[in-house]
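Residue strings, one per chain:
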Amino acid sequence: MSHNDQLVGLSAVELRRLIGAKEISPVELLDACIDRIEAIDPAVNAVTATCFPQAREAAKAAERAVLNGEPLGVLHGLPLGVKDLEDTAGLLTTYGSPTARSNVPTQDVLLVERLRAAGAVLVAKTNVPEFGAGANTRNPVWGATGNPFNPMLNAGGSSGGAAAALACDMLPVCTGSDTGGSLRIPASKCGVVGFRPSPGLVPNSRKKLGWTPISVVGPMGRTVAEACLQLAATAGLSASDPLSFQVDPLRFLTPAPIDLSTLRVGWTEDFGSCDVDARIRAVFRERIAAIAPMVRSCEPVQFDLGEVHRCFDVIRAESFVAGLHDAYARDPASIGPNSRANYELGAAMTLADCAWAQAEQTRILKRFQAAFSQFDVILSPTTPVSPFPWSELYATHIDGRAQENYYRWLALTYVVTLTTHPALSLPCGVDHAGMPFGLQIVGPFHGDRKTLAVAHALEQAFDASATLRRPRPDLAKLAQPTPALQSIVTAPPVFDAATSGMGTSAV
């Protein structure tokens, strides 16, 4: 194994320690990450626009700061990938849509602003479905992101590019966002960690409906500790998100210790309302049997979540109407089928529909609390099916049951979204098909630190088991590009880096 391969395989926490101790240079680390991206990304297509020249200048400045003994941020010198839904000043941001094919923002969103202020070095954007709609990362601008364990299968979404990049050790810090599971689902399918924080813990400055808690931004990582490191750089109050609140972000710097033997764990295969493949149910029961001896108690829990699917339909559609109104008014055909379906569903709704959905969400939250009077955390599968080919837009059937729309198969995560509870997908071995299996850990209301602490303790316990530990893709098998991943691109964006001040990935 080369020095660069060893370097990119180290955790973000260890890399930051080595930079601070002057044992590695931010420039050295950046070059290693670029080498990994250039070697592996053609096979998975996780990375979209890049800014390697600017990143090298930033890395050199980070190196000077270390040598000069200047104060260093918690992410100082760490290469950063930003989901292509988040605006990045000077770097192409397309949202996966042909309508934004040439969009180069002049300002960072708050999330990126905070990451850069903490010392992270922006390197690239990561791929998404168009406008983040759906959990299959493919769009007509950049093509499809393949799963690192099998590039012909999907990587989940909408943070699929970030999850694949992390799984392949391309970048140590990657951002995500989550409405119906967009942090958790790709983390599950790619064998990494995705944490949906309580709404407002990490301010989301780009959401149109500021008072709605459905959409959050949050961290991804190869480990829980990496997710915590990113939280320490991004959590805390901002008027750009009216749901944000005051918190000391450094409380998240390292996971809190917790004794698994004291935990009361509840588990559910389906929250009483979600379709789940029988083989995934069987794998989940095997995992629960392995976890039970580690904790104080591990018992099934029943849920009555009312009209949870209709509730999500309405609230999700509201957000798409707010976000896509102008684009739809200009040209409905310019918007992809998933996003257009969401917009049209919402545009047909009435004020009575919206009022009912808001009230039902409140009722769901109250019902959900009953479980947390008995248990510290709730465990479930993160996704109901093993990764399917990315060429299939979504899971049309689960266990022979037709799914009524393109996102119904995300129900295991979106029912938790409606409760506003923090939730994390933790790698937990592989499923019946040999693909990564994610365990969804749902914490108590505003119990973000507890959720992370439990996840970290389980992660450490899993690491001792060949069956439960985080799986790793075989990077040697990703040596050759997979042209099919770019086959749905209608015409890739072309830029002159000399005039635009940015690079682009080879797609």
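Residues numbered from 1 in each chain as written. Predicted model: local features only at pLDDT ≥ 70, side-chain atom pairs only at ≥ 80, totals over all residues. Heavy atoms only, no water.

- Naming follows an unreviewed UniProt entry, where the protein chain appears as Acylamidase of Ralstonia wenshanensis.

**A closer look at the overall build of the protein chain**
(1) Moving on: When you go through the protein chain residue by residue, the secondary structure sums to 15 helices and 18 strands.
(2) Moving on: Taken against the 2.2 N^0.38 rule, which gives 23 Å for 507 residues, the C-alpha radius of gyration of the protein chain at 21 Å falls within 12% of a compact globule.
(3) Moving on: Based on the C-alpha atoms only, the size of the protein chain along its principal axes is roughly 55 × 55 × 45 Å.
(4) Moving on: When burial is assessed residue by residue, the protein chain has 62% of its 507 residues classed as buried.
(5) Moving on: In the protein chain, once contacts between residues fewer than 6 apart in sequence are set aside, the share between residues at least 24 apart is 77%. (Helix = DSSP H or I, 4+ residues; strand = E, 2+ residues; numbered from the N terminus. Rg over C-alpha atoms; globule rule 2.2 N^0.38 Å. Buried < 20%, exposed > 50% of the residue type's maximum accessible area, 1.4 Å probe, protein only. Contact = heavy atoms within 4.5 Å.)

**Some points on the UniProt feature "domain: Amidase" (unreviewed entry) in the protein chain**
(1) Moving on: Mapped onto this structure's residue numbering, the UniProt feature "domain: Amidase" (unreviewed entry) falls at residues 28–452.
(2) Moving on: Secondary structure content for residues 28–452 is 36% helix and 17% strand, and the end C-alpha separation is 31 Å. (UniProt positions renumbered as here; feature names shortened; annotations may be inferred.)

**Brief notes about the pattern of salt bridges**
(1) Moving on: Under the criterion given, the structure shown has 28 salt bridges.
(2) Moving on: Residue Lys60 is joined to Glu57 by a salt bridge in which the shortest nitrogen-to-oxygen separation is 3.6 Å. Taken together, the residues Lys60 and Glu57, both in helix α4 (residues 52–67) and three residues apart, mark about one turn of the helix.
(3) Moving on: Each of the salt bridges in this network shares a partner with another, and the network as a whole consists of Asp5, Arg36, Asp169, Arg222 and Glu226. (Salt bridge = Lys/Arg side-chain N within 4 Å of Asp/Glu carboxyl O.)

**A look at helix α5 (residues 110–117)**
(1) Moving on: Turning to α5, its buried residues number three or more, namely Leu110, Leu111, Val112, Arg114 and Leu115.
(2) Moving on: The secondary structure elements touched by the buried residues of α5 are β2 (79–83), β8 (173–178), β10 (216–221) and α8 (224–234).
(3) Moving on: Just past α5, the residue Gly119 takes up positive phi, approximately 100°.

**Let's talk about the layout of surface pockets**
(1) Moving on: Taken as a whole, the largest pocket encloses approximately 900 Å³ of empty space.
(2) Moving on: What lines the largest pocket is a set of 32 residues, among which Phe131, Arg206, Lys208, Gly323 and Leu324 lie closest to the centre.
(3) Moving on: Breaking the lining of the largest pocket down by element, the ones donating at least two residues are β8 and α10 (308–330).
(4) Moving on: The element that contributes the greatest number of residues to the lining of the largest pocket is α10, accounting for ten residues. (1 Å grid on protein atoms, 1.4 Å probe; cavity = no way out; pocket = protein on both sides within 12 Å on 5 of 7 lines; lining within 4 Å. Points joined across faces, edges and corners; volume = space filled by probe spheres on them.)

**A word on the environment of Gly96**
(1) Moving on: By the element assignment, Gly96 lies in the loop between β2 and α5.
(2) Moving on: For Gly96 and Asp84, which are twelve residues apart along the polypeptide, the C-alpha to C-alpha distance reads 7.1 Å.
(3) Moving on: Once residues within four sequence positions are removed from consideration, Gly96 is found in contact with Asp84, Val128, Glu130, Asn139, Pro140 and Val141.

**Some points on the packing of aromatic side chains**
(1) Moving on: Inspection of every chain in the model, using the stated rule, returns twelve aromatic pairs.
(2) Moving on: With centroids separated by 5.1 Å and ring planes inclined at 70°, the aromatic side chains of Phe388 and Trp409 adopt a geometry described as edge-to-face. Note that Phe388 is positioned in the loop between β13 (377–381) and β14 (397–398) and Trp409 in the loop between β15 (401–402) and α13 (411–419), a separation of 21 residues in sequence. The burial state of Phe388 is the same as that of Trp409; both residues are buried.
(3) Moving on: Note that Arg310 overlies the ring of Trp356, its terminal NZ or CZ placed 3.8 Å from the centroid.
(4) Moving on: Arg316 extends its terminal NZ or CZ atom over the ring of Tyr407, reaching a point 4.6 Å from the ring centre. (Phe/Tyr/Trp six-rings, centres within 6.5 Å; stacked < 30°, edge-to-face > 60°. Lys NZ or Arg CZ within 6 Å of the ring centre and 35° of its normal.)

**Observations regarding the side chain of Asp178**
(1) Moving on: Tracing the sequence through the fold places Asp178 in strand β8.
(2) Moving on: Polar contacts involving the side chain of Asp178 include one to the main-chain amide nitrogen of Gly181, which spans 3.1 Å.
(3) Moving on: A polar atom in the side chain of Asp178 sits 2.8 Å from the side chain of Arg184.
(4) Moving on: What Asp178 contacts, discounting residues up to four positions off in sequence, is Leu183, Arg184, Arg196, Ile214, Ser215, Val216 and Thr417. (Polar contact = N/O pair within 3.5 Å; in protein donor to acceptor, adjacent residues only side chain to side chain.)

**Points about the pairing of β8**
(1) Moving on: For β8, the buried fraction is high: six of the six residues fall into the buried class.
(2) Moving on: Burial along β8 is two-sided: Val173, Thr175 and Ser177 and Cys174, Gly176 and Asp178, pointing in opposite directions, are all buried.
(3) Moving on: Note: β2 against β8, two bridges, orientation parallel. By the bridge assignment, Leu80 is partnered in β8 with Val173. (Pairing = 2+ DSSP bridges.)

**Some thoughts on the state of the cysteines**
(1) Moving on: Following the criterion strictly, the structure yields zero disulfides and no others.
(2) Moving on: Note on Cys174: no disulfide assigned, nearest cysteine sulfur contributed by Cys33 at a separation of 9.4 Å.
(3) Moving on: We classify Cys174 as buried; its relative accessible area is 0%. (Disulfide = S-S within 2.5 Å.)

**Considerations on α8**
(1) Moving on: When you tally the buried positions in α8, you get eleven out of eleven residues, the bulk of the element.
(2) Moving on: Taken together, the buried positions of α8 are Val224, Ala225, Glu226, Ala227, Cys228, Leu229, Gln230, Leu231, Ala232, Ala233 and Thr234.
(3) Moving on: The positive-phi residue at the C-terminal boundary of α8 is Gly236, with phi of around 125°.

**Comments concerning the pairing of strand β17 (residues 436–442)**
(1) Moving on: Within β17, seven of the seven residues are buried, which leaves it mostly tucked inside the rest of the structure.
(2) Moving on: The two faces of β17 match: Pro436, Gly438, Gln440 and Val442 on one face and Phe437, Leu439 and Ile441 on the other face are all buried.
(3) Moving on: One ladder, built from four bridges, connects β13 with β17; its direction is antiparallel. Along β17, the bridge assignment pairs Leu379 with Ile441.
(4) Moving on: Of the pairings in the sheet, the one linking strand β16 (residues 423–430) to β17 comprises six bridges and is antiparallel in character. Its bridge partner lying in β17, Val430 is registered against Pro436.
(5) Moving on: Joining the antiparallel neighbours β16 and β17 is a turn of five residues, in which Gly434 adopts a positive phi near 80°.

**Digging into the confidence of the model for the protein chain**
(1) Moving on: Across the protein chain, the average pLDDT comes to 94, with 95% of residues at or above 70.
(2) Moving on: In this model residues 490–507 is a low-confidence stretch, pLDDT under 50, and it forms 43 contacts with partners more than four residues away in sequence or in other chains. (pLDDT = per-residue confidence, 0-100.)

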